[in-house]
Amino acid sequence: MFREALAVARSDERRDAWAESRALVGLANVISPAGDEEAALAVGLEALAVGQEGGQAFTSAVAHETVAASLRRLMRLEEAQEHADAAVGTLRELGARWELAGALSDRGVIHRLSGRMEEAERD
């Protein structure tokens, strides 16, 4: 389904950065549970690049969160923290409360795994 959505998003000569990035995020979220976290990370980074190139702040924040989750699962916690911070900051700026709640929860897990219990509890 997400591969089809990606093909549709890429089929128009006018690039739809929002649709393409969102399809890539969906694909990364399907790849990850299948057990190939490096592939999920690569797709998440592609989603982030597309979102940023297209000037899509919300979509880029969602992609940052996807990348952070993959990096966290790979225990690359410092890198994960950077992406989680970017997601939280942008979602907060945009007033995207529902998505912000999820991003804070995800960032809290990174803090906990990094031994920063006060920050984890705050998030």
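To be clear, the structure that these remarks concern was listed above.
Being a predicted model, the structure only gives us computed values, none of them experimental.

Structurally, Leu-41 can be placed in helix α3 (residues 37-53). Sequence separation of Leu-41 and Thr-66 is 25 residues, and the distance between their C-alpha atoms is 7.9 Å. Here Leu-41 is in contact with Val-67, Ser-70, Leu-71, Leu-74 and Arg-76, once residues within four sequence places are set aside.

With that settled, the discussion passes to helix α4 (residues 57-73). Taking 1.5 Å per residue, 17 residues should reach 24 Å; α4 reaches 24 Å between its end C-alpha atoms and fits that length. Two residues or fewer past α4, Met-75 is found with a positive phi of approximately 60 degrees.

Moving on to helix α2 (residues 17-31). Between its first and last C-alpha atoms α2 spans 21 Å; for 15 residues at 1.5 Å apiece the expected length is 21 Å, and the two agree. Burial runs high along α2: 11 of the 15 residues are buried. Every buried residue of α2 is accounted for by Ala-17, Ala-19, Glu-20, Ser-21, Ala-23, Leu-24, Val-25, Gly-26, Leu-27, Ala-28 and Ile-31.

This brings us to the packing of α3 against α4. It is at 8 Å that the axes of α3 and α4 come closest, and there the two elements cross at 160 degrees. With respect to α4, the element α3 is oriented roughly antiparallel. Crossing geometry of α3 relative to α4 is assigned as left-handed. Residue-level contacts link Glu-37, Ala-40, Leu-41, Gly-44, Leu-45, Ala-47, Leu-48, Gly-51 and Gln-52 of α3 to Ser-60, Ala-63, His-64, Thr-66, Val-67, Ser-70, Leu-71 and Arg-73 of α4. Among the residues forming the contact of α3 with α4, the class breakdown is eight nonpolar, seven polar and two charged.

The next subject is the nonpolar core. Leu-24, Val-25, Ile-31, Val-43, Ala-47 and Ala-63 are the most contacted members of the largest nonpolar core, which totals 13 residues. Of all the secondary-structure elements, those providing two or more residues to this core are α2, α3 and α4. In terms of residues, this core owes the most to one element, α2, which gives six residues. The residues touching Ala-47, leaving out its near neighbours within four places in the chain, are Ser-21, Leu-24, Val-25 and Ala-63.

Within this structure, the stated rule accounts for four salt bridges. Across the pair Arg-107 and Asp-85 runs a salt bridge, and its minimum N-O distance is 3.1 Å. Placement of Arg-107 in helix α6 (residues 97-113) and of Asp-85 in helix α5 (residues 77-94) is noted, with a sequence separation of 22 residues between them. Under the relative-accessibility criterion, Asp-85 is labelled partly exposed at 34%.

Reading the values: rules and limits
Residues numbered from 1 in each chain as written. Predicted model: local features only at pLDDT ≥ 70, side-chain atom pairs only at ≥ 80, totals over all residues. Heavy atoms only, no water. Helix = DSSP H or I, 4+ residues; strand = E, 2+ residues; numbered from the N terminus. Contact = heavy atoms within 4.5 Å. Expected span 1.5 Å × (residues − 1). Buried < 20%, exposed > 50% of the residue type's maximum accessible area, 1.4 Å probe, protein only. Axes fitted to C-alpha atoms, helices over the stretch in contact; angles between N-to-C directions. Parallel < 35°, antiparallel > 145°, perpendicular 65-115°, else oblique. Left-handed = near helix turned anticlockwise from the far one by under 90°. Nonpolar A, V, L, I, M, F, W, Y, C, P; charged D, E, K, R; others polar. Core = buried A, V, L, I, M, F, W, Y, C linked by side-chain atoms within 4.5 Å. Salt bridge = Lys/Arg side-chain N within 4 Å of Asp/Glu carboxyl O.

Don't take any of this as a statement about function, it's just geometry.
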